[in-house]
2 protein chains.
Amino acid sequence: MPGRPRDPALDAAILRATFEFVEEEGYRRLSIEGIAARSGVHKQAIYRRYRSKGELVLAALGRFAAERLPTPDTGSLRDDLVTLLTATFAAQRGASGQLNRALAVEALQDERFAARLWTELIEPRRAVVRAMIDRAAERGEITGANPDFFVDLVYGPMWYRLLFDIPALDDSYAARLADTVLAAARGPRTA
Amino acid sequence: MPGRPRDPALDAAILRATFEFVEEEGYRRLSIEGIAARSGVHKQAIYRRYRSKGELVLAALGRFAAERLPTPDTGSLRDDLVTLLTATFAAQRGASGQLNRALAVEALQDERFAARLWTELIEPRRAVVRAMIDRAAERGEITGANPDFFVDLVYGPMWYRLLFDIPALDDSYAARLADTVLAAARGPRTA
DNA sequence: TTTTCAATATGAGACGTTGCGTATTGACAA
DNA sequence: TTGTCAATACGCAACGTCTCATATTGAAAA
């Protein structure tokens, strides 16, 4: 039962190397063996911790990025959205974007991993937006129909640009998206 | 100069095998060697025609799916959108969806291929929606600001669900999305 | 208290597999 | 004579597994 404990320095070295690697060279060249070589950690030490590259990237993203995203509650749906999206998009322009791309590749090739990604990463972030929408509905700011669908409207364009054109995800894009979601959530002009 | 001409039967066999393969087994197992084995065509015959798996899939999608999408012009933006999205989403639930996923994987790993994909496939489809929006603006149905941004609103959620949950792309999703884009395009309620 | 022992981690290195993309060969069609 | 065809082999990269000797830990035995 006791056994030698895992070296926490290796945990950190692995995640750090993953982060740096993907930031410098993009997802294309990211490989377990590459991370092992870069971090000086043996390949097996990585496989002992993560079953696949996807799990490793998921852990790396959780460690370095997810906690830094805000959970705004300003009293205005638009301000909440702008705050969240500005920070989120800024992260996508850095390592987070590359890691998200990596996760997308893994998810596209493995349905079970896609499910894990959804519940562990995507859904929690959806919940943040859903809560913002719910609060706005309570305040009477919008009509509360289908909050879940509006969440797609928020994150859909982000992933779309994450796939094809990350630099498009700038502050003005965030603001426009916030305005647009707001307009849509308010319902058709002809009440 | 002439030399022996390529066998058109091979062209067809390759594309057909690609189509069937991806439909039955998803993208995960799609490989040039697998397609070669399945179609009875030799690997080199494929490489003679396509430089990479991405180009092959791009060709297959162009051949079997892209031409079947409608270019509606009903006189109503909502009807145009519903018609286009219903047909597009239906295609995504079949082989087109798998092929698009395959293209996404290739694009994520190769910037140059991503650029090709954008200009050859994504942009033409965006143009269809942009044209619909432009016509609506001319009719005074909507305010004509930023048609390109609204195109993101149309295709963003589609790719998002293409990544994580294809079955969600049903007729009701198409209708809701059309309604929502319309509401957003009309601008804020307070004129 | 000291020793022993089972359990686990570590780096090093090798292994078989898959898929990539390239090259060679000889037959064959224009 | 040129380019396609099938067949086959090749080098490369990365995967994921395995064995080995060594190191580190907690618990049990002396």
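Rules behind the numbers
Residues numbered from 1 in each chain as written. Chains lettered and ligands numbered in written order. Predicted model: local features only at pLDDT ≥ 70, side-chain atom pairs only at ≥ 80, totals over all residues. Heavy atoms only, no water. Contact = heavy atoms within 4.5 Å. Buried area = accessible area lost by both parts, 1.4 Å probe. Salt bridge = Lys/Arg side-chain N within 4 Å of Asp/Glu carboxyl O. Polar contact = N/O pair within 3.5 Å; in protein donor to acceptor, adjacent residues only side chain to side chain. Helix = DSSP H or I, 4+ residues; strand = E, 2+ residues; numbered from the N terminus. Least-squares fit on C-alpha atoms with pLDDT ≥ 70 in both. Domains from an automatic or database assignment. Buried < 20%, exposed > 50% of the residue type's maximum accessible area, 1.4 Å probe, protein only. Phe/Tyr/Trp six-rings, centres within 6.5 Å; stacked < 30°, edge-to-face > 60°. Near = heavy atom within 4 Å. Nonpolar A, V, L, I, M, F, W, Y, C, P; charged D, E, K, R; others polar. Expected span 1.5 Å × (residues − 1).

### What to know about the interface of chain B and chain A
Contacts between chain B and chain A engage 36 residues on the former and 36 residues on the latter. For the chain B and chain A pair, buried surface summed over both sides reaches about 4000 Å², with 66% attributable to carbon and sulfur atoms. For R161 of chain A, the salt bridge identified is with D152 of chain B, shortest N-O distance 2.7 Å. On inspection of chain B and its partner chain A, the count reaches 12 residue pairs in polar contact (both at pLDDT 80 or more). Breaking the side of chain B that touches chain A down by element, the ones donating at least two residues are helix 6 (95-109), helix 7 (111-138), helix 8 (147-164) and helix 9 (171-185) of chain B.

### Quick look at the relation of the copies chain B and chain A
The transform that puts chain B on chain A rotates by 180° and translates by 0.1 Å along the axis, for an RMSD of 0.1 Å. The transformation relating the two chain copies, once decomposed into turn and shift, fits a two-fold axis. Residue by residue, 100% of the interface of chain B is reproduced at the interface of chain A, so both copies engage with the same surface.

### A few points about the domain arrangement of chain A
Residue and element names in this part refer to chain A. By domain assignment, chain A separates into domain 1 (8-57) and domain 2 (63-185). For domain 1 versus domain 2, the distance between C-alpha centres works out to 27 Å. Domain 1 puts 13 residues into the contact, and the matching count from domain 2 is 11 residues. Here domain 1 meets domain 2 over a buried area of about 1200 Å², counting both sides, of which 76% is carbon and sulfur. Its largest share of buried area at the contact with domain 2, domain 1 owes to F19, Y27 and V57, together 47% of the area lost on that side. For the salt bridge of R116 with E55, the shortest nitrogen-to-oxygen distance reads 2.9 Å. For the interface between domain 1 and domain 2, the tally reads 2 residue pairs in polar contact (both at pLDDT 80 or more). Of all elements in the fold, only helix 1 (8-25) and helix 4 (53-64) reach the threshold of two or more residues within the side of domain 1 that touches domain 2.

### A few points about the side chain of T180 of chain B
By secondary structure assignment, the location of T180 of chain B is in helix 9. Of the residues examined, T180 of chain B reaches a relative accessible area of 8% and is grouped as buried. Those residues within four positions of T180 of chain B in sequence are excluded, and the remaining contacts are F149, F150, L153 and A184 of chain A.

### Brief notes about the packing of aromatic side chains
Residue and element names in this part refer to chain A. Per the stated rule, a full pass over the model turns up 14 aromatic pairs over all chains. Aromatic pair F89 and Y173: ring centres 6.0 Å apart, planes at 50°, arrangement tilted. In this pair, F89 sits in helix 5 (residues 77-92) while Y173 sits in helix 9 (residues 171-185), placing the two residues 84 residues apart along the sequence. Its relative accessible area of 0% is what places F89 among the buried residues. We classify Y173 as buried; its relative accessible area is 3%.

### Description of the protein's contact with DNA strand D
Not every one of the 22 residues close to DNA strand D is listed here, only the nearest: P2, K43, Q44 and Y47 of chain A together with H42 of chain B. In the interface set of DNA strand D, defined as its atoms within 4 Å of the protein, sugar plus phosphate atoms amount to 57%. In this structure, a phosphate oxygen belonging to DNA strand D sits 3.1 Å away from a main-chain N or O atom of I32 of chain A. With respect to DNA strand D, the side chain of R4 of chain B contributes an N or O atom lying 3.1 Å from a base oxygen. Contributions of two or more residues to the surface near DNA strand D are made by helix 2 (32-39) and helix 3 (43-49) of chain A together with helix 3 (43-49) of chain B. In terms of residue count, the dominant contributor to the surface near DNA strand D is helix 3 of chain A (3 residues). By residue class, the composition of the surface near DNA strand D is 8 nonpolar, 5 polar and 9 charged.

### Some words on helix 6 (residues 95-109) of chain A
Its 15 residues place the ends of helix 6 of chain A 22 Å apart at the C-alpha level, agreeing with the 21 Å of an ideal helix rising 1.5 Å per residue. Within helix 6 of chain A, 13 of the 15 residues are buried, leaving the element largely enclosed by the surrounding structure.

### Some points on the protein's contact with DNA strand C
Inspection of the region around DNA strand C gives 20 residues, with R4, H42, R48 and R49 of chain A together with K43 of chain B positioned closest. Backbone sugar and phosphate groups make up 50% of those atoms of DNA strand C lying within 4 Å of the protein. Backbone polar atom of R4 of chain A to a base oxygen of DNA strand C: 3.2 Å apart, as the coordinates give it. In this structure, a phosphate oxygen belonging to DNA strand C sits 2.9 Å away from a side-chain N or O atom of Y47 of chain B. At the level of secondary structure, the elements contributing two or more residues to the surface near DNA strand C comprise helix 3 of chain A together with helix 2 (32-39) and helix 3 of chain B. Tallying contributions element by element places helix 3 of chain A first for the surface near DNA strand C, with 4 residues. Each residue belonging to the surface near DNA strand C can be placed in one class, and the counts come to 6 nonpolar, 4 polar and 10 charged.

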